[in-house]
Amino acid sequence: MSTTEKDIASAVDAGGQHDHHEIPWIRKYVFATDHKMIAKQFMFVSLFFLVVGGALAGMMRFQLGFPGQPMPGAGILPDAMMAPTPNGAIMLPEFYNSLVTMHGTIMIFFAIMPLLVGLFGNLLIPLQIGAEDMAFPRLNMASFWLAVPAGMLMLASFAVEGGAAGAGWTSYAPLSTSGEWTGVYLGQQLWLVSLTILGFSSLIGAVNYITTVINLRAPGMTWFRIPLATWSLFVTAVLILLAIPILAGALIMLLFDQTIGTGFFRPEVGGEPLLWQHLFWFFGHPEVYILILPAMGITSEVLSNRARKPIFGYHSMVLALISIGFLGWIVWGHHMFQSGMNPLLGTSFMISTMAIAVPSAIKTFNWLGTLWKADIHFDVPMLHALSFVSMFIIGGLSGIFMASTPVDIYIHDTYFIVAHLHYVLFGGSLFAIFAGITYWFPKMFGRMMNEPLGKVHFVLTFIFYNLVFFPMHNLGLQGMMRRIYDFTQYDFLQPLQPMNQFITLFAFALITTQLLFVFNFFWSIFKGEKAGNNPWKSNTLEWTVPSPPPHGNFAEMPTVFRGPYEYSSPESDDDFLPQTTPPREGPGPSSGVPEPTPTPEGAEA
Amino acid sequence: MTTITADRAPMAGMKVYHLKLGMWVFLLSEVMFFTGLIGSYVILRFAHPEAFGVPGEVLNVPLTAFNTFVLICSSVTMVKAFAAIEQNDQEGLQKWLLATILLGAFFVGVQAWEYTLLASEGFVPMAESYHAIARGAAEGSEVIGGPLYGATFYTMTGFHGAHVSIGVFCLCFTLYRARKGAYTAGNLGGVEIMGLYWHFVDLVWILLFTIVYLI
């Protein structure tokens, strides 16, 4: 252990020397090129958008729980959103459409995606592969500073005449092609421009991540010694790289349809609305995996560490990531079973979609295998990671329902879909984000998050989350359509009113619970218990450097001798074995046991 | 300690410098962008063959064939520029970069001129005002194709033209740097990645020319 401590001491020294010329404040905190600062910038901005998206969801839930009733405190909103009545302000249907659209857009593009890719991609990739920074630090800065105006444009669209975009986050044509159908003109265009800018931001981020992982790995960091979080972010970056340009092309064509009057997606002049769906989902399905793969990587990292066991089946985990990434390209049609597409094509999409269950199940069983007979530490990150696994199973199983074309006829565009997507996006991705933030918080800020408060937050979130989203399966099966402003207009849906009210009340509880996290987060930044370099006794490279790591990360280039998950190894006196530990010379304490010899090629596994 | 040094693997990664790898990765995404546009065109044209004209009916093929030749020449001059700096020939680098800039700018100029000619014959992207007539036909002749023809044509060639224009702009920057002596035989990454981009744009045009004008 003394070598590690010496390394750290020298890292601190070198950190001091690095900063000979003090970096100006604006370059350090605003136009920063340091990957860790950019990661934090992405985190603060996207947590802000998470709050915005949650507030939008809260307003939607109010309307669904209490349709047509005045909303308390809504009087401050303009008349274009809320119709004033003597009893208070009542939500307008057009505003509800904007809420549905913007909740989806903001949560997917401005909260979950930048948290997973912007925060964890920037924070973890250089640290876990032993690089001093990204390959292109200035491009990295540009990536963040393109995302900010994109987000501002998206928010600004609420303030323009006609309100924010109202054609759903999928923006289906012909509904989205003209303000005649939605009443939204400029808002819909701002939506398109904002997403195009954000797409460019993601794209240059992806170029950076891919180049960094390929070229900047420390000596000995072979492909099969890369920690799974970085592996998942690498596969995600490839998906972003190839999917975003398709979206950009489609967005621009739709923008042309709206502004200069081309007819790509306008049936009245001979265009093809279905083409939009194909282009959107050709991007959209890889996007779904962009939103879940990094969450899987984070979960693998936390599970293995907190179970103090090597991850079960490291190679199959990597191959499963790659095959999910590949299969993601040939399943987009399963979003379009009811679009009038050729049924034969639907069948082929059904088969390819169900094939994804195989790599997903490999990952799930490997997680279970990791937990089997393990010394499980129920810390806050572990609790979140465990709920990721369980919620991902529920979301994955409900996905199989929709993948079956005959069943999909029945549940398409109902609340069953809403339940499914929230089980993977909230129950999956967001729980993994909580796991990741609480796990790497000490590395980012040098302090631990408060454990009891974190546990209370976890338990309440987990309970309220399930009370909100599980009943939605039921609503969907009983025929309640998604995105509907007032379901009570249908007689057959009126009996669902109590269930909707139940969901709404627990949705408010769920949103309120998040205040605990916000408080814990900010309190811990300043007052949290000081963390050492390696509070979780982890093996990966980011824990060999000080918390927070200095500019340039590693005082000297680390050398990697082994895989990332050698916990409870007989080779070590402690229960972990950092990747930088050289192989023991001569026979080890367990010489009787046939023991794999670590080699630089990573052939031990 | 000897075993440790023996175990020390060589530096991981590819034997390609970051900029070049980054440019290749970026070009992959460009391939997907043009695939999206060209794929949409192919789908629309298969679905609505009546909305598209016969080659040469509306579009001026000989003019664009000449323009294609100009762009291919600019790729040759780009290769010459790279070959020059490989020999550390500063003057040759600047000369060939300038030639590439002029050829690229000429290409964009001809394309803009072609746009104005086509637009004056009613071949416009706007669906509601589309009334393209055959080249050289009298005013008020039969309308050829439909709005999708104009929209796809201008979108595809327009985005390609934008890529050429950005390329010309970047070439000017490369030339500016070359004049300040930024490149040597041992440090020619900037010229090389500029060349990669330029050849890619050239290649896309050959595809577009074939699909839009000739087929």
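Here the structure is a predicted model, which is why all the values come from computation and not from measurement.

## Considering the overall build of chain B
Tallying secondary structure elements over chain B gives 6 helices and 0 strands in all. Listing each helix as α and each strand as β along chain B from the N terminus yields α-α-α-α-α-α. A globule of 215 residues ought to have a C-alpha radius of gyration of about 17 Å, yet chain B, at 22 Å, is considerably larger. Classification of the 215 residues of chain B by burial places 48% in the buried group.

## Examining the nonpolar core
For soluble globular proteins, the rule of thumb is that nonpolar side chains tend to be buried together. Formed by 246 residues in total, the largest nonpolar core has its most connected members in A:Phe109, A:Ile437, A:Phe521 and B:Phe123. When near neighbours in sequence (up to four residues on either side) are disregarded, B:Phe123 contacts B:Val58, B:Leu59, B:Leu118, B:Tyr130, B:Ala132, B:Tyr149, B:Gly150, B:Phe153 and B:Tyr154.

## Some details on the interface of chain A and chain B
At the junction of the two partners, chain A supplies 44 residues and chain B supplies 40 residues. Across the contact surface, chain A and chain B share 1 salt bridge. A salt bridge links A:Arg266 to B:Glu128; the nearest nitrogen and oxygen atoms lie 2.6 Å apart. Only helix 7 (186-215), helix 8 (228-259) and helix 9 (273-290) of chain A provide two or more residues apiece to the side of chain A that touches chain B. Among the residues making up the side of chain A that touches chain B, the classes are represented as 30 nonpolar, 10 polar and 4 charged.

## What to know about the pairing of strand 2 (residues 88-91) of chain A
Working note: regular strand, side chains alternate between the two faces of the sheet. Residue and element names in this part refer to chain A. Sheet topology places strand 1 (residues 82-85) next to strand 2; 4 bridges connect them, and they run antiparallel. Each bridged residue has a counterpart across the sheet, and for Ala83 the counterpart in strand 2 is Ile90. Between the end of strand 1 and the start of strand 2, which pair antiparallel, lie 2 residues.

## Points about the side chain of A:Gln128
The topology assignment puts A:Gln128 in helix 4 (residues 93-129). Sequence-distant contacts of A:Gln128, that is, excluding residues within four places in its chain, are made with A:Met221, A:Pro227, A:Ala229, A:Thr230, A:Glu301, A:Trp440, A:Thr540, A:Leu541 and A:Glu542.

The rules we used
- Residues numbered from 1 in each chain as written.
- Chains lettered and ligands numbered in written order.
- Predicted model: local features only at pLDDT ≥ 70, side-chain atom pairs only at ≥ 80, totals over all residues.
- Heavy atoms only, no water.
- Helix = DSSP H or I, 4+ residues; strand = E, 2+ residues; numbered from the N terminus.
- Rg over C-alpha atoms; globule rule 2.2 N^0.38 Å.
- Buried < 20%, exposed > 50% of the residue type's maximum accessible area, 1.4 Å probe, protein only.
- Core = buried A, V, L, I, M, F, W, Y, C linked by side-chain atoms within 4.5 Å.
- Contact = heavy atoms within 4.5 Å.
- Salt bridge = Lys/Arg side-chain N within 4 Å of Asp/Glu carboxyl O.
- Nonpolar A, V, L, I, M, F, W, Y, C, P; charged D, E, K, R; others polar.
- Pairing = 2+ DSSP bridges.

Note that every value here comes from positions in space, so none of it alone points to a role or purpose.
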